[in-house]
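Structural characterization, general
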Amino acid sequence: MNTDLVSKYEPTTFWEQFKTPDSIVFEEIQIYIEELCKQIKGDTFEISIITEEGYIDRNFLFDYILYYAKCYDDIPRQVTRFHFFSCSKARIISIFEKLEKNYSQDLVFALNKEYLGYIIKKPIDSGRIGKSILRKYPEIDANGNFRVLSVKNLNRINIFGIPLKLESLPYQEQDDTVSKCATTSLWISLKALEHKFHLTKSYAPAEITNEIFKDSSMKDGRKFPNQGLNLFQILNFFHQVGYDVVTFSQLTDSKLNESEEDFIHHLIKGYLKYSIPIIAILELKKTEDQTVADKHTVVITGYKEDKKTKKLIELYAHDDQVGPYSKIEINDNITDWKDNRINKLGYFKVTLNDLIIPLYPNIRLHYWKIYDTMQDLINDPEFIINKDFFYYTTELTDSNKYKNFLIKKILPRVKEKLKIEIEDYIFSPNSRYLWLISIKYKKNSDNFADYIFDATKNDVLNYKVLTFFES
Amino acid sequence: MSRKKSELTIKREMLQAIKNKKINNSKIIAKAKSHEKITGRISTHKLLQAITG
C-alpha cells in the first residue's frame, strides 16, 4: 500500500486545518474521538489516520452545484476524507499488506474492528466539517449505566477497495450558507429515516433548503445564503417528502408538572428505541435580560438511563454547532438542559421548547394514549399492590423486530405451555407497527408481560397481552 | 416465608392482575384534555418564528 497515506494522529497539527473563527465543532469532535477511543481501548490508546484526498462527497457536491459553483472564488468541488483507526500506523499498514497478499473476510473484519469512522473536510471558509460518520459510544458506560444510541444508518464505507460497515448516524456542521441548524437537523433526521423507512431519496443540505423554497407559501426569508427556517417550513418539508409529524410543544410556557415530566421522559425513550430521530427546538439565552431568546434545533439521537432506577440521566444530540452525540445532562427538569458545550458558545441558559417527531404516515396511534394506558395499569388496584417490584416501559416497534425479540430472548427460556401461546402470536398475521407497554421485574429486568397495541390505528380497543411467567 | 417464595407470590399476583385487567378505550380518550398543554396545536405566531441557530 501507499504508506504515505497513513499517519499517526497528532492532535495539535491535525485539527488546525478545521479551525474557523466561530466554530467549536472541531474541538468537540477531537474530544469525542479521543474519549471514544479511551472507552474502547482504555487509557493507553493510539489513533491512526488514512487520508483520502480528492474524494467526491454527494452532499457537498450538491451544495456545490446549488451554491458554491456560482461564487466568484475558485472553490474546489472535491473534499478530503480522513479515516480514523484505534490502532497504530504499523498495524494498519500490516493489515493492508496482508489483504493485498491474501484477501480474506477475517482481515476485513480486523480492519473494521479498529475503524472509528471518518470526517470530511470541505474546502470552504465556514463550517468545514462535512459529512462525518463516527462510531457510537459503547452501550454500557464506565459506571455500568445503559446507553441507547439506536438512531442510526447502516453505512457502507469503502476505503481503497476495502468495504467496511459502521452503524452510526451521519453528522455535519452547518456551513451558515446553504444550511443553518434547521436544515442540518432535517438532513440528520432524514439519514436515520431513510434507513428505517426507505421513503425518500438521499438529500444534500442545499437540496433540502431548495425543496422547502419550491413551495411558494413557504418562502419566508432568504434561500441562499440561508437565514434559517421556521417551524412551519420544517413541518411542511417532512410532509412534502412523505412523512407525517407529531409535535409536542410549548414545553416551557409554564413549568411542567411531575406527570408531564414523566410523560416526556417516556415518550423520548419510546420513540428513540425504534430509532426515530427527535428534533428538539431549543431557546438559548445569553443573559437573563434577553427578552427574545435565540432559537436553535438539534436532533436527539439517544439517551442514557441509570442502571438501578432506570431513570433517564443523559440525552445525546447531534448538534450542528457542537458535534455528534453531544451529551446533555438531565436533572430534575427535562426542559432545562445542562449542556456545557452550548455554554462554550456564550449561552447561559438552554431550554427545550418543542419536540418534533417525524413518522411513517401509517404509525397513527398517538403516544398519549399509550402513556395513559400505562398509567391506568400502574394505578390499577390489583397492580398497585406490587408496584415496588415492577417497572413499566413503552416502546414503538414493528412486527418483525418484536417477533425476532420473542424468538431470540423469550422462547429459549419458557416452558411448553407458554411457548405454544407465544408461537401462536409469532405465526399469526399482525399489524406492521406496534406500540408496546412492557412490564419488567425490577430485580433482574426480566420481561414479565407485554401489552401489544396496533399502532396503525388511533385507539387502544384491540390489544394482545403476552405474559412470560409460568406459575 | 423464603425470599424465593415471596417472589413467586408477587409474580402470581401480578399474573392474576393482568388476567383480570380490561383496558377501557373510552376511559383513555377521556384523559385527552389533561395533555392539551403539550400535545395541542402550535400557534401560528410560533410556527412562523425563525430558527436561526
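This text goes with the structure placed above it.
Residues numbered from 1 in each chain as written. Chains lettered and ligands numbered in written order. Predicted model: local features only at pLDDT ≥ 70, side-chain atom pairs only at ≥ 80, totals over all residues.

1. Observations concerning unusual backbone geometry
Residues and elements named next belong to chain A. Counted only if it meets this: Every helix listed is a DSSP run of H or I at least four residues long, and every strand listed is a run of E at least two residues long, numbered separately from the N terminus. Counts of 20 or more other C-beta atoms within 10 Å of a residue's own C-beta define buried residues, counts of 12 or fewer define exposed ones, and intermediate counts define partly exposed ones; C-beta atoms are placed from the backbone.
In this model, Phe224 is joined to Pro225 through a cis peptide bond whose omega is -5 degrees. The phi dihedral of Asp176 is positive, around 70 degrees, even though this residue is not glycine. In this structure, Asp176 sits in the loop between strand 8 (162-168) and helix 6 (181-197). Residue class for Asp176 comes out partly exposed when judged on the 19 C-beta atoms lying within 10 Å of it. Phi is positive for Lys310, close to 65 degrees, though the residue is something other than glycine.

2. Focus: the environment of Glu35 of chain A
Residue and element names in this part refer to chain A. With respect to the helices and strands, the residue Glu35 is situated in helix 2 (residues 25-41). With 13 C-beta atoms counted inside 10 Å, the residue Glu35 sits in the partly exposed group. Between the C-alpha atom of Glu35 and that of Phe45, which follows or precedes it by 10 residues, the distance is 9.9 Å.

3. Describing the sheet that holds strand 5 (residues 133-134) of chain A
Each strand in a sheet pairs with another by means of backbone hydrogen bonds, the pair being arranged parallel or else antiparallel. Residue and element names in this part refer to chain A. The criterion, for reference: The criterion for strand pairing is that DSSP finds at least two bridges linking the strands in question. Residues are defined as contacting one another if the C-beta atoms placed from their backbone atoms lie within 7 Å. For every element, the axis is a line fit to its C-alpha atoms; helices are fit only across the contacting stretch, and the angle between N-to-C directions ranges from 0 to 180 degrees.
Taken in spatial order, the five strands line up as 1-2-3-4-5 in an open sheet, and their pairing is antiparallel. The open sheet has two edge strands, strand 1 (6-8) and strand 5, and neither has a second partner. Both strand 3 (residues 79-85) and strand 4 (residues 115-121) contribute to a ladder of six bridges, which runs antiparallel. Paired with Phe85 across the two strands is Tyr115, which belongs to strand 4. Of the strands in this sheet, strand 1, strand 2 (48-55) and strand 3 touch helix 4 (residues 89-101), which is tilted by about 160 degrees from strand 1.

4. Regarding the sheet that holds strand 20 (residues 463-467) of chain A
All names here are of chain A. Ordered by their spatial adjacency, four strands build an open sheet running 17-18-19-20, and the pairing between neighbours is antiparallel. Only two strands of the sheet have a single partner each, and these edge strands are strand 17 (390-398) and strand 20. Looking at each pair of strands side by side, their axes are set apart by 20 degrees on average, direction ignored. Both strand 18 (residues 433-441) and strand 19 (residues 446-454) contribute to a ladder of eight bridges, which runs antiparallel. Its bridge partner being in strand 19, Ile437 is matched across the sheet by Tyr451. Running at roughly 155 degrees to strand 17, helix 11 (residues 367-378) makes contact with strand 17, strand 18 and strand 19 of the sheet.

5. Things to note about the interface of chain B and chain A
By a widespread convention, an interface's size corresponds to the accessible area lost as its parts come together. Worth spelling out the cut-off: Three categories are distinguished: nonpolar for Ala, Val, Leu, Ile, Met, Phe, Trp, Tyr, Cys and Pro, charged for Asp, Glu, Lys and Arg, and polar for the others, with Gly belonging to the last.
Taken residue by residue, the interface counts 29 residues in chain B and 47 residues in chain A. For the side of chain B that touches chain A, the secondary structure elements donating two or more residues are helix 1 (3-20), helix 2 (25-30), helix 3 (36-39), helix 4 (44-47) and strand 1 (50-51) of chain B. With nine residues, helix 1 of chain B is the largest single contributor of residues to the side of chain B that touches chain A. Residues that form the side of chain B that touches chain A fall into these classes: 13 nonpolar, eight polar and eight charged. Both strand 9 (residues 229-230) of chain A and strand 1 of chain B contribute to a ladder of two bridges, which runs antiparallel. Along strand 1 of chain B, the bridge assignment pairs Asn230 of chain A with Ala50 of chain B.

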